[in-house]
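Summary of structural features
Next come the chains, spelled out residue by residue.
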Amino acid sequence: MQQGIFHYINAGKNAAEWHKRHIGQMKKLRFDTIAVHGIYSMQEALDYNQGSTIEPIYMSASQAYRDSDEMEAALSYQIPTWCYSRIGNPTMYYLEGVLALLETYGSDVEASCCATASGMAAITSACEPFLAVDLENPGQKMNFVATAQVYGGTFQNFAVRKDQERNIEWRKVIHSNNLEEWESLIDDNTRFLYGEMPSNPGQAFFDMEAVAKLAEKHNIPLIIDATIATPALMRPLAWGADIVVQSVTKTLTSSGFGIGGAVIARKNLRTRLNNPPMIADFGSYIKALPNRDLGPNISPMNAVLALNDIRTLRSKIDFMSRSALKVAKFLAAHPHIEQVDYLGLESHPLHQVAKKYMVLVDSEHDDLYNEPVNRYGHLLSFRVKGGAQAARDVFDGFQRIYRATDLGRIKSIATIPAISTHQQQGEEGRKISDIPPNLIRLNVGGEHPDDIIADLSQALAVLDGQKTEFTSPDYSAGGASSARLRK
Ligand SMILES: *Cc1c(COP(=O)(O)O)cnc(C)c1O
C-alpha cells in the first residue's frame, strides 16, 4: 500500500528539523564535548542503534527504500537520504557533522562539510567547481592565485594537473605575507585564492584576515589548507575564509589508521560564477552533485577511524605543540643545526603573525591556563650544517623517530622533503618553496619530549664521528625482518 510521496516529504522534514535542532544544541557546548560526541546522540543510539554508544559503521553500499514514493522523494533530494555510499553514508554523516561544528566553533558562521577519500581529493573537490568554463567566454584563460609554499602533492596538482595539462594558470605567491604581492596577481580571470598555513614543511604563514578582505573586494573565494593547524588551533572560516580543506589523514587521524580529507565551506560563499546552489551551500553541493559524478568521497571505515581520533584532538595537539616547542629550542641551540623553522620560536620572522591566529581553543576555559595561550602545532623543520649528506647521516641515525613520508602522527616521524614529499617538483620548484636538501621535517609525536630530544641528540652525534647504536637488521642472518622479506 503506497503512502504517497508527501508522506515521506513530511517525515523527512521532521527528521531534518530534529537533526538541525540537535546540532544547534551541540553548537552551544565546548570544543572538547563536541569533539567527543560529534552529532551522534543518545536518542539515535537508543532508538535506532541497539544502544550503541559509539557511532555505528554502516558498511553498506546502498540504502533501501520502503516503496517507490520514498525512493522518488529521496532520489530527487526532497528528503534527507544517503542513498549510495559513493555519495553519502550515515557514518560519513557523523564525521562531516563534527568537522563542520569544530571548524565553526566559537563563531556564528554557518558551514557544511563534505568528507573525501584523501586530503588531495578535498583540495581537488574544493578548487574544481571554480574552474568551470565560462560558456559566454569559452576562450578565457583562467587563473588562480595560490601560495608557492604548499604540500608537495598540492604543488603537483596545481603545477601539472591544472597549469601544464589544462592551461589554467597558477599564479604563485612567493612571499605570502606580502599583501601587495597577492593583490598584484589578481585580475578578472582569477577564480580563487588559495593558501596553505602553516605550510608543510616551510611554516609559511600570512595575515589571513587581510587576504580574506582582498578576496571579498574581488568577489572571489579564499580557500585555506589548515591541515597543520587543525581546528583546535585555528579556524579560518571565522577569519573570513570561504573554504577550509583538511587532510583528515594527518593530525585529525593521528593514530595513522586511515586516509581521508574534508572540505568545510561557509554557506553563501563568494564567487563571480553564477551558480546559486553552489553559492548557497558549497559543502552539500559538491557532495550531492560534482562528487557524485566524480566519485572522490570518503569510505565509512575511514570516516569512523577519523571520528575516533578527533575526540581527543585538543588535548593531543596541546601536548604535542608544547613538546614541539621544547624540541625546537633544543635544535636551535645545537651546534650542528643551521636553522630551525618553527612558528613557535620568537625568532621566527612570522611568529607575530602566527600569534594572532594560532591559539589553543578554549584555553581560557581550561583550569591549567585560564587565559588564551598560543600553540603552534607539532610540525617543524630544521637544516643540518654540512649539506645534504650530513642531513642524511643524521636522518639515518634516528632510532625511535620513524623515517616516513607522513606527519600528524602520535608517533614521531621525520622525512627529508627534497628526496620524498617534494621530490617531484624538481629543484626549481623546491627553490621557490624554500626546501633545501639539508632540511629535515619533523613531526613531534606524543612520546615524552625528553626521549625525542635524546633520539635527536644521539643522531646528531654522528656528525662528531660518533657511531649511532642503530643497526639495520642483518638480512643474511635470518630473524623476523628477513623472514618477511624472504617469505
Ligand atoms: C598531506 C597533506 C595533504 C594531502 O593529504 P592526503 O590525505 O595525503 O591526500 C594536503 N595538505 C597538507 C598540508 C598535507 O600535509
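Sequence order as written defines the numbering, with residues in each chain counted from 1. Local features are withheld for residues below a pLDDT of 70 in this predicted model, meaning they are given only at 70 or higher, and side-chain atom pairs are given and counted only at 80 or more; totals for whole chains, interfaces and linings count all residues. With hydrogens and water set aside, each side-chain value is computed from the structure's full complement of heavy atoms.

The next point concerns the nonpolar core. Here, nonpolar core refers to any group of buried Ala, Val, Leu, Ile, Met, Phe, Trp, Tyr and Cys residues whose side-chain atoms link them within 4.5 Å. Partly exposed residues are those whose accessible area sits between 20% and 50% of the maximum for their type, while under 20% is buried and over 50% is exposed, using a 1.4 Å probe and protein chains only. Formed by 95 residues in total, the largest nonpolar core has its most connected members in Leu95, Leu99, Phe205, Leu380 and Phe382. The numbering of helices and of strands both runs from the N terminus, where a helix is a DSSP run of H or I of at least 4 residues and a strand a run of E of at least 2. Ranked by residue count, the leading element in this core is helix H5 (residues 90–103), at eight residues. When residues of this core are sorted by domain, at least three fall in each of domain 1 (84–310) and domain 2 (313–473). For this analysis, residues touch if any pair of their heavy atoms sits within 4.5 Å. With sequence-adjacent residues up to four places away left out, Phe205 is seen in contact with Ser176, Asn177, Met197, Pro198, Met234, Leu343, Leu350, Val353, Ala354, Tyr357 and Met358. By size, the runner-up hydrophobic cluster in this structure holds 28 residues, among which are Cys114, Ile123, Cys127 and Phe155. Each domain's extent is set by a domain assignment, obtained either automatically or from a database.

Of the positions making up helix H13 (residues 300–310), those classed as buried are Pro300, Ala303, Val304, Ala306, Leu307, Asp309 and Ile310. Of the surrounding secondary structure, the elements contacted by the buried residues of H13 are helix H2 (31–37), H5 and helix H14 (313–332).

Running from N to C, helix H6 (residues 119–127) and helix H7 (residues 152–166) point in directions that differ by 45°, and their axes come no closer than 10 Å. Judged by the inter-axis angle, H6 sits oblique to H7. In this structure, H6 crosses over H7, and the sense of that crossing is right-handed. Along its contact with H6, which presents Met120, Ile123, Thr124 and Cys127, the element H7 presents Gly153, Thr154, Asn157, Phe158 and Lys162. Of the residues assigned to the contact of H6 with H7, the class counts are four nonpolar, four polar and one charged. Between N-to-C directions, angles cover 0 to 180 degrees, with each direction set by a line fitted to C-alpha atoms, over the stretch in contact for helices. Oblique is the label for any angle not under 35 degrees, not over 145, and not in the 65 to 115 range, which are roughly parallel, roughly antiparallel and roughly perpendicular in turn. With the far helix as reference, a near helix turned anticlockwise by less than a right angle produces a left-handed crossing, and one turned clockwise produces a right-handed crossing. Side-chain classes are defined by residue name, with Ala, Val, Leu, Ile, Met, Phe, Trp, Tyr, Cys and Pro counting as nonpolar, Asp, Glu, Lys and Arg as charged, and the others, Gly among them, as polar.

Within an α-helix, residues lying three or four positions from one another point in the same direction, as the helix has 3.6 residues per turn. By definition here, a helix of n residues has an expected span of 1.5 Å times n minus one. Here H5 contains 14 residues, and its C-alpha end-to-end distance of 20 Å stays within 8% of the 20 Å for a straight helix at 1.5 Å per residue. Across the 14 residues of H5, 13 count as buried, placing the element largely inside the fold. Among the residues of H5, the N-terminal cap falls to Asn89, whose side-chain oxygen and the backbone nitrogen of Thr91 are separated by 2.9 Å. Counted as a polar contact is a pair of N or O atoms within 3.5 Å, where, for protein atoms, one must be capable of donating a hydrogen and the other of accepting one, and residues adjacent in sequence contribute only when both atoms are in side chains.

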